[in-house]
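Per-entry structural report
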Amino acid sequence: MRTFSLLLLFSFLLGGIAQAQQRIVFLDFERAFESYEQRKSADQNLKAKLQEFEREKEPHVRDYKALDEKYKRVREDARNPIFSREKQDAAAAEGERILLKRREIESTIRQLESDRKDQLEQTMRRIQKRLVEDIQEVVRNHAKSRGYAAVLDKGARGLTGVPSVVYVDPTVDITDDIIRLLNAPR
């Protein structure tokens, strides 16, 4: 009787494990993310912001280049033996003023670049977080509606860079389904 009970328990456990295995599906999260149309739209918006930043920076860069050219001419005048000592000294003083102004513009450009880089990174992180949350919600809803016990990322890698999942039967890969759901009109 005891052997029969153990056999019954063992077969029940095996049946439960087999059933749970059938309900585990896989998703290539990176592919879903890259295929998400809203991500592509967000990329275009970020590129537009980057172009806007470049346009904002351009007058400063132009001013810097103009001052650089002016400084080179004034420096030549300050070293030119044809000019009087007074004119050379005046040119040297003008060169110092130009250098100071050029350094101010250079500092403004660096600060602008730093500020915009931080803004773009924050915007990118915020957008990426929202997109990932959107994908996770679609995956959760799909998994619940289909009765899946778990959805695993088949593209995940371990600490050593080795893929966490070596093989996935295509019948349990829901990546294409998720991509269709993500890009379907809502």
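Structure's up top.
The structure presented is a predicted model; accordingly, all values stated were derived computationally and were not measured.

1. A look at the overall build of the protein chain
Across its full length, the protein chain carries 5 helices and 2 strands. Its helices and strands taken in sequence order, the protein chain reads α-β-α-α-α-β-α from the N to the C terminus. In the protein chain, which comprises 186 residues, the share counted as buried stands at 24%. In the protein chain, once contacts between residues fewer than 6 apart in sequence are set aside, the share between residues at least 24 apart is 80%. Accessible area for the protein chain stands at about 13800 Å²; split by element, carbon and sulfur atoms hold 53% of it.

2. Structural notes on the packing of helix α3 (residues 37-79) against helix α4 (residues 85-146)
Closest axis-to-axis distance for the α3/α4 pair is 8 Å, and the angle between their directions is 170 degrees. The angle between the axes of α3 and α4 places the two elements in the roughly antiparallel class. Residues of the contact of α3 with α4, tallied by class, amount to 21 nonpolar, 6 polar and 17 charged.

3. Description of α4
Helix length check: α4 (62 residues) gives 90 Å between terminal C-alpha atoms against 92 Å at 1.5 Å per residue, within 8%. Downstream of α4 by a residue or two, Gly 147 has a phi angle that is positive, lying close to 75 degrees.

4. Section: the pattern of salt bridges
Tallied over the full model, the rule gives 20 salt bridges. Here Arg 39 makes a salt bridge to Asp 43, at a shortest N to O gap of 2.3 Å. Here the residue Arg 39 and the residue Asp 43 both occupy positions in helix α3, the gap between them amounting to 4 residues, near one helical turn. For Asp 43, a relative accessible area of 29% puts it in the partly exposed group.

5. Here's the deal with helix α5 (residues 175-183)
Among all positions of α5, only Thr 175, Ile 178, Ile 179 and Leu 182 are buried. The buried residues of α5 occupy an angular sector of 100 degrees when projected down its axis, which confines them to one face. Elements in contact with the buried residues of α5: β1 (24-27), α2 (29-35) and α4.

So, how was this worked out
Residues numbered from 1 in each chain as written. Predicted model: local features only at pLDDT ≥ 70, side-chain atom pairs only at ≥ 80, totals over all residues. Heavy atoms only, no water. Helix = DSSP H or I, 4+ residues; strand = E, 2+ residues; numbered from the N terminus. Buried < 20%, exposed > 50% of the residue type's maximum accessible area, 1.4 Å probe, protein only. Contact = heavy atoms within 4.5 Å. Areas by Shrake-Rupley, 256 points an atom, 1.4 Å probe, with all protein chains shown as cover. Axes fitted to C-alpha atoms, helices over the stretch in contact; angles between N-to-C directions. Parallel < 35°, antiparallel > 145°, perpendicular 65-115°, else oblique. Nonpolar A, V, L, I, M, F, W, Y, C, P; charged D, E, K, R; others polar. Expected span 1.5 Å × (residues − 1). Salt bridge = Lys/Arg side-chain N within 4 Å of Asp/Glu carboxyl O. Arc of directions from axis to C-beta.

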